Amino acid sequence: MNTAQKELVKATVPILKSSGNTLVTYFYQRMLKNNPELKNIFNMANQASGKQQSALTGAVLAYAENIDDPSVLINVLKSIGNKHVSLHILPEQYDIVGHHLIESIKEVLGDTATEDLVAAWVCAYRELAQIMISIEEEMYQKTANSKGGWKGWRTFIIDKIVTESDEIKSFYLKPQDGNAIASFFPGQYISIKTFVPELGYDQPRQYSLSSSFNEEYYRISIKSEKGRTTPDGIVSNVLHAKKAGDTIDVTAPAGVFYADPESINPLVLISGGVGITPLMSMVEANKKALQKNKTVWVHSCRNENVHAFKETIEDLNNNENWLTSFVFYETLPESPTNAIEGRAELHQYKEEIIINDAKYYICGPELFIRKQYQSLIELGVTREAIFYEEFGPQLITLN
């Protein structure tokens, strides 16, 4: 891009701030109407809720604001790239997106979209698309060339299903071809794809791997949104209705939220509800590790009945000196319990969780992440030591 084009892109920042969501919403409507096959790729729950639109608006705005040096966004772009690779996004699909984005700019902005402005955004999009394609191709190659790795969708068999709580079931997935599977870092996720009869097309979803790596299977633990027939709950119900022996399509593990199993740093894990799943992978990996890093785990959920992996964590807490866990229930059971009534309050246990050189991992709903992140900052933890995973489109920017 030349300097004049960059200035034109930056000049649209006020428009993106005031009307960006309107533009992006129109873009998605236009694209999905003209290319309905993309409904098999896009998470329609995030479309219905507006989360995907908000995420793209934020990404486009950030790119426009940093058009002089997009490299400052590299960590964000890598996170997006991981999601794209997990959905098997291909270079030719960037052409489809680019076409509809540029046409949407013309149609929504009207006379404001001058010929020079449109040309500037065409150039800007091409540069961004090439950055993303390069990032993603490197990821594809790295995964495909690793032991057990593959590119795109691969058929897995549901070997068994285990009920973990009133809401959560674990699915043990083995490759139908019987070949090796790719290893992963504890905290990463896989994508699954299944046909949803009520919608009439496939729907992909990302689920954190909830066990440490083994060479036989992947385990994901899924919360059922009971009673929901809208896109944001329908897929979980379809999956909970599946039986052992059913098949499902899976992409190789991906994600930037993970704990390095070779690190010697202490771990402080903070989870809310189904956010327990990637942290469960971290704890299991730590159990296998020779160094068995000191670990403190704070978990919060509504009550005992929805507490997944309760017995597993209690057993580890009672028998392993490297783990200390604290559990918060909004409603305590009538039977004796070690759980604390209420929601997770880190200040109550600052002496236990403020540890030199610790790495802090947070996973849960958006408000939970924001609250716990702010509590850690108030307790003196540096932003560089805090990592968080927001399920769905990345709307939180805290670090």
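I will try to describe carefully the structure that is included in this document. This structure is a prediction, so every number in the text was calculated from the model and none was measured.

1. Description of the packing of aromatic side chains
Here the structure, examined in full by the defined rule, presents 13 aromatic pairs. Between the aromatic rings of Phe257 and Tyr361, the centroid separation amounts to 5.7 Å while the plane-to-plane angle is 75°, which identifies the pairing as edge-to-face. Within this pair, whereas Phe257 is found in the loop between β6 (247-250) and β7 (267-272), its partner Tyr361 is found in strand β11 (residues 359-363), the two being separated by 104 residues in sequence. Accessibility expressed as a relative area gives 3% for Phe257, which makes it buried. Through a chain of ring-to-ring contacts, three or more aromatic side chains come together here, namely Trp150, Phe156, Phe184, Phe213 and Tyr218. We note Arg154 situated over the ring of Trp150; from NZ or CZ to the ring centre the distance is 4.7 Å.

2. Here's the deal with the packing of helix α4 (residues 51-65) against helix α7 (residues 115-144)
Contact pair α4 / α7: the axes reach a minimum separation of 12 Å and the direction vectors enclose 105°. What the angle tells us is that α4 and α7 run roughly perpendicular. Between α4 and α7, the residues in contact are Val60, Tyr63 and Ala64 and Trp121, Ala124, Glu127 and Leu128, respectively. Here the contact of α4 with α7 is built from residues that sort into six nonpolar, no polar and one charged.

3. Notes on the environment of His88
As for its placement among the helices and strands, His88 is situated in the loop between α5 (74-86) and α6 (91-109). Through-space distance from the C-alpha of His88 to that of Phe391 is 19 Å; in sequence the pair is 303 residues apart. Non-local contacts of His88, meaning those with residues more than four positions away in its chain, are made with Gln93, Tyr140, Lys151, Gly152 and Trp153.

Calculation criteria
Residues numbered from 1 in each chain as written. Predicted model: local features only at pLDDT ≥ 70, side-chain atom pairs only at ≥ 80, totals over all residues. Heavy atoms only, no water. Phe/Tyr/Trp six-rings, centres within 6.5 Å; stacked < 30°, edge-to-face > 60°. Helix = DSSP H or I, 4+ residues; strand = E, 2+ residues; numbered from the N terminus. Buried < 20%, exposed > 50% of the residue type's maximum accessible area, 1.4 Å probe, protein only. Lys NZ or Arg CZ within 6 Å of the ring centre and 35° of its normal. Axes fitted to C-alpha atoms, helices over the stretch in contact; angles between N-to-C directions. Parallel < 35°, antiparallel > 145°, perpendicular 65-115°, else oblique. Contact = heavy atoms within 4.5 Å. Nonpolar A, V, L, I, M, F, W, Y, C, P; charged D, E, K, R; others polar.

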